[in-house]
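Reading the structure
Here's the letter readout for the chains.
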Amino acid sequence: MTNTILRGIGVVTLGAAMTLSAQSVASASSATFQDCRGVTVDKTAPVVSRASALIKAPLAEIWRLHTDIDHWRSWIPEIAPAHKETPGPLRPGSVFSWSPQNMHAVSTIKTVKPLGCTAWGAPVNGITGVHLWTFKPTRDGVLATTEESWAGPPVEADVPGNQSSLDQGLADWVHRLRDTAEARSGCH
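Residues numbered from 1 in each chain as written. Predicted model: local features only at pLDDT ≥ 70, side-chain atom pairs only at ≥ 80, totals over all residues. Heavy atoms only, no water.

1. A few points about the overall build of the chain
Heads up, the rule is: The numbering of helices and of strands both runs from the N terminus, where a helix is a DSSP run of H or I of at least 4 residues and a strand a run of E of at least 2. For every residue, the accessible area (1.4 Å probe, protein chains only) is compared with the maximum for its type, and the residue is labelled buried under 20%, exposed over 50%, or partly exposed between those bounds. In this description, accessible areas are obtained by the Shrake-Rupley approach with a 1.4 Å probe, and a residue is regarded as covered only by the protein chains that are shown.
The secondary structure content of the chain amounts to five helices and seven strands. Listing each helix as α and each strand as β along the chain from the N terminus yields α-α-β-α-β-β-β-β-β-β-α-α. Here the chain, with 188 residues, has 53% of them falling under the buried criterion. Of the accessible surface of the chain, which amounts to about 8100 Å², a share of 55% is contributed by carbon and sulfur atoms.

As structure tokens, this is what we get:
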């Protein structure tokens, strides 16, 4: 059952013109990690993954989709219900709840740079997760990158299975963000 739950989390991850392959534990030590105002994933976690997509849509639209937690269900329903508990714009300390695969998770924003990046963390069923998103304008669009680490006894019990689940979940999430932003903005 734990593996099924973890696979469910991975599909939506606790959450392409260009997709970077996920980082395995062996290659993570030599990887360049994403950074959001000094916050990174847990570089020593047994499971670390990354996925990116080049999105041909305005950065403001991508950011709106990403930060409008109460409306995530409209483009990634597997994590619904999702609800921002803290009023106002996302900021360090903001809290949101969501339900990856019908589990209840409460995440806290660690840092945010408007139109640039977010980082949050949450313990869920014995797993400590750190999740970053970065958005970098390029000549051809916006490079959206999501990176996440998982640590804890449930992860250590099945590192390959959890790595696969997280890899799949992050790739799905970033590609849905791309597809939704491009469709809503009329860009393809």
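Here the narrative resumes.
2. Some thoughts on the packing of aromatic side chains
Applied cut-off: When two rings of Phe, Tyr or Trp (its six-membered ring) have centres within 6.5 Å they constitute a pair, described as stacked for plane angles under 30 degrees, edge-to-face for angles over 60, and tilted for the intermediate range.
Inspection of every chain in the model, using the stated rule, returns 11 aromatic pairs. A centroid spacing of 5.1 Å and a plane angle of 90 degrees characterise the contact between phenylalanine 96 and tryptophan 120, whose relative ring orientation is edge-to-face. On the criterion of sequence distance, the pair formed by phenylalanine 96 in strand E3 (residues 95-98) and tryptophan 120 in strand E5 (residues 117-124) is long-range, its members being 24 residues apart. Measuring from centroid to centroid gives 6.3 Å for tryptophan 120 and tryptophan 173, while their planes differ by 45 degrees, and the two rings are tilted. Here tryptophan 120, found in strand E5, pairs with tryptophan 173, found in helix H5 (residues 159-185); they are 53 residues apart in sequence, far enough to count as distant.

3. Structural notes on the sheet that holds strand E7 (residues 141-151)
For sheets, the rule is that strands pair by backbone hydrogen bonds, running either parallel or antiparallel. We count it as follows: Pairing between strands is defined by DSSP: at least two bridges between the two strands are required.
The antiparallel open sheet is built from seven strands, whose spatial order is E1-E7-E6-E5-E4-E3-E2. Either end of the sheet is taken by a strand with one partner, and the two such strands are strand E1 (47-55) and strand E2 (83-84). Looking at chain direction, E3 and strand E4 (residues 105-113) are connected through four bridges and run antiparallel. Each residue of the ladder has a partner; that of serine 97, found in E4, is valine 106.

4. Description of the state of the cysteines
Disulfide: a covalent bond connecting the sulfur atoms of a pair of cysteines. Counted only if it meets this: Pairs of cysteine sulfur atoms within 2.5 Å are what we label disulfides.
Taken as a whole, this structure holds one disulfide when the rule is applied. Cysteine 36 shares a disulfide with cysteine 117; S-S distance 2.1 Å. Between cysteine 36 and cysteine 117, the S-S torsion sits near 75 degrees, and that sign places the bridge as right-handed. Of the two residues, cysteine 36 is situated in the loop between helix H2 (25-28) and E1 and cysteine 117 in strand E5; the sequence distance between them amounts to 81 residues. Residue class for cysteine 117 comes out buried when judged on its relative accessible area of 4%.

5. What about the pairing of E1?
Counting buried positions along E1 gives nine out of nine residues, so the element sits mostly inside the fold. Side chains of E1 alternate between two faces, with Val47, Ser49, Ala51, Ala53 and Ile55 and Val48, Arg50, Ser52 and Leu54 buried alike. Across nine bridges, E1 lies against E7 in antiparallel orientation. Among the inter-strand pairings, isoleucine 55 is bridged to a residue of E7, identified as valine 142.

6. Quick look at the confidence of the model for the chain
Rule in force here: The quantity called pLDDT is the predictor's confidence in a given residue, expressed from 0 to 100. We call two residues in contact whenever any of their non-hydrogen atoms come within 4.5 Å of each other.
The share of residues in the chain with pLDDT of 70 or more is 82%, and the mean pLDDT across the chain is 85. Overall, residues 1-30 carries pLDDT values under 50, and its contacts beyond four positions in sequence, including any with other chains, amount to 89 contacts.

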